[in-house]
Amino acid sequence: MSTNPSQLVAADRIGFARLTKRAFDGENLYPLWQELMSKTDAGTATPGEQLDLALITQLFGHKQAGLSVQTETLKQQQLFRSPCASDNPRLRVLALAADIDMGGNTPIEFLLQDSGIELQTLYVVDGVPLPDPLPAHDVAIVIASDSDECMSALATIEARVADWPAPLLNPPHLIRHLDRDKLYRLIGDIEGLEIPDTISVGRDTLVAAANGSAMLPEMTGGVDFPIIVRPRGSHAGFGLARITDSVALLDYLRDRQESDYFIARYVDYASDDGQFRKYRVVVVDGKPYACHMAIANRWDIWYLNAGMAEDEVKRLEEAAFFHTFDFGFALRHKTALDGMIERIGLDYFTIDCAQTPRGDLLVFEIDNTAVVHDMDSPELYPYKPPQMHKIFDAFASMLERRVASRLASVA
């Protein structure tokens, strides 16, 4: 198999990190969207501009429209270059992505945007073989997720792993372990860790439990109310609900149309003060780092709904979490963290977790695509930039070590 060298020229784009930051800061991206749309309609847009248009459209909340633009773009061009902080990059990274929505690939641009490391992203598309030879790079990393939509891309990458010409991080076979109904089987018996059994069920099963024609535990291997339910493949809390009984389940199903769901036993992780605390930990090359801490009076916490910006006391507690992490949280949960890190085996991933009242580490999700960023205001969160750049520096250092190790092995 050979590929025309002209197809390996990367298309430049504004990129995920810069566009997301502009949207996060409240900039009106509509004029840019209009400009890119006009170019696309006129047939003068570059593939990079079209991919940026696809992202902006998703940022506006029009997921399917944005994905449609993205898919059409990827039929023409699969290789894209992100902005680099240096004209003379010290390293070349090739990220292997899938054609999925903006949350389905690792947002690696945030990790590398100030590093002076060149990032090119190769989208692995159904029906299009990987180029041979591959684009020139020093190290590669798989950034596609464990979702069903990425399975084909992961399989395509895995077929080339044995003869990959450079170090390949986050290999596909390890990413597949992260799906919710596989993860608890992988790590569920680790000491000091709690992760409820997560069961994949069809809509018909839930309907039967809701209308009383069958008992939920009999169909789920013992999982009973109260439960957490979400559509299979969903992220960021989409469709997530706590269901206390069959009546509530019936109400939930009236508002949903998906055919497949995940359910799990609900675990009350409220602290003594009645607040819920949810942590994101980033693991880079086997070492855990604090990423954020959200505090709210609700169990379904995300950083954006926890009201951290409006509450100085919460921010002070998060700052303390950062400053004491290595000899506090990480030491307290060392057995659980070490066990997870060993079994997960990925070079880079995140853990969303909490602490149970008895002191165990409660794991909600382990992912390779969660957003790790430095977009928050340094005036409001002065403790965040140093912590985020500690993570970014660790990521860049890991890449350099992998390249140096490969060079040493072939010297």
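What counts and what doesn't
Residues numbered from 1 in each chain as written. Predicted model: local features only at pLDDT ≥ 70, side-chain atom pairs only at ≥ 80, totals over all residues. Heavy atoms only, no water. Helix = DSSP H or I, 4+ residues; strand = E, 2+ residues; numbered from the N terminus. Rg over C-alpha atoms; globule rule 2.2 N^0.38 Å. Buried < 20%, exposed > 50% of the residue type's maximum accessible area, 1.4 Å probe, protein only. Contact = heavy atoms within 4.5 Å. Areas by Shrake-Rupley, 256 points an atom, 1.4 Å probe, with all protein chains shown as cover. Lys, Arg positive; Asp, Glu negative; His and termini not counted. Charge placed at Lys NZ, Arg CZ, Asp CG, Glu CD. Phe/Tyr/Trp six-rings, centres within 6.5 Å; stacked < 30°, edge-to-face > 60°. Lys NZ or Arg CZ within 6 Å of the ring centre and 35° of its normal. Axes fitted to C-alpha atoms, helices over the stretch in contact; angles between N-to-C directions. Parallel < 35°, antiparallel > 145°, perpendicular 65-115°, else oblique. Left-handed = near helix turned anticlockwise from the far one by under 90°. Nonpolar A, V, L, I, M, F, W, Y, C, P; charged D, E, K, R; others polar. Pairing = 2+ DSSP bridges.

Undergrad: Provide a residue-level description of the overall build of the protein chain, including the pertinent values.
TA: When its secondary structure is counted, the protein chain shows 15 helices and 15 strands. What you see for the protein chain is a C-alpha radius of gyration of 22 Å, in line with the 22 Å of a compact globule of 411 residues. Taking all 411 residues of the protein chain together, the buried fraction comes to 52%. Long-range pairs, those at least 24 residues apart, make up 70% of the contacts in the protein chain with a sequence separation of at least 6. Of the roughly 18500 Å² of accessible surface on the protein chain, 51% is carried by carbon and sulfur atoms. Between the centroid of the 38 positive side chains of the protein chain and the centroid of its 59 negative side chains there is a distance of 2 Å.

Undergrad: Lay out the packing of aromatic side chains with the relevant residues and their values.
TA: Two measures describe an aromatic ring pair: the distance that separates the ring centres and the angle between the ring planes. The final tally for this structure, using the stated rule, is 18 aromatic pairs. When the ring of Tyr30 is compared with that of Trp33, the centres are 5.6 Å apart and the planes differ by 15°; the resulting orientation is stacked. With Tyr30 and Trp33 both in helix H2 (residues 30-42), this residue pair falls 3 residues apart, about one helical turn. On the numbers, 6.2 Å between centres and 65° between planes, the contact of Tyr252 with Tyr261 is edge-to-face. Of the two residues, Tyr252 and Tyr261, neither departs from the other in class, the shared state being buried. Positioned above the aromatic ring of Phe238 is the side chain of Arg256, whose terminal nitrogen or guanidinium carbon lies 5.0 Å from the ring centre. The ring of Tyr289 carries the charged tip of Lys287 above its face, separated from the ring centre by 5.3 Å.

Undergrad: Requested: an account of unusual backbone geometry, with residues and values cited.
TA: Backbone torsion omega between Asp132 and Pro133 reads 10°, so that peptide bond is classified as cis. Structurally, the position occupied by Pro133 is in the loop between strand E4 (118-124) and strand E5 (139-142). Pro226 follows Phe225 through a cis peptide bond whose omega is 0°. The phi dihedral of Asn170 is positive, around 50°, even though this residue is not glycine. In this structure, Asn170 sits in the loop between strand E6 (168-169) and helix H7 (172-175). Judged by its relative accessible area of 0%, Asn170 falls in the buried class. A positive phi is found at Asp285, a non-glycine position, where the angle reads about 55°. You can see Asp285 is positioned in the loop between strand E12 (276-284) and strand E13 (287-296).

Undergrad: Now, about the environment of Arg22: what can you tell me, with residues and values included?
TA: Within the secondary structure layout, Arg22 lies in helix H1 (residues 16-24). Remark: the alpha-carbon pair of Arg22 and Met375, spanning 353 residues in sequence, is separated by 9.2 Å. Ignoring any residue separated from it by four or fewer positions in sequence, one finds Arg22 in contact with Ile14, Glu27, Leu29 and Leu32.

Undergrad: Explain the packing of helix H3 (residues 47-59) against helix H4 (residues 63-76) residue by residue, including any values.
TA: Contact geometry of H3 with H4 gives a least axis separation of 7 Å together with a crossing angle of 165°. The orientation of H3 relative to H4 falls into the category roughly antiparallel. Once H3 is placed against H4, the crossing between them reads as left-handed. Taken together, the residues of H4 that come into contact with H3 (itself represented by Pro47, Gln50, Leu51, Leu53, Ala54, Thr57 and Gln58) are Lys63, Ala65, Gly66, Leu67, Val69, Gln70, Thr73, Leu74 and Gln76. Residues belonging to the contact of H3 with H4 are distributed by class as follows: 8 nonpolar, 7 polar and 1 charged.

Undergrad: Kindly report on the sheet that holds strand E10 (residues 241-243), identifying the contributing residues and their values.
TA: On the basis of which strands lie adjacent, the open sheet formed by 4 strands has the order E8-E11-E9-E10 and antiparallel pairing. Edge positions in the open sheet fall to strand E8 (198-202) and E10, since each of these has one partner strand only. In this sheet, adjacent strand axes meet at a mean angle of 35° when their direction is disregarded. Where strand E9 (residues 227-231) meets E10, 3 bridges bridge the pair, whose relative direction is antiparallel. Bridging from a neighbouring strand, Ile227 pairs with Ile243 of E10.

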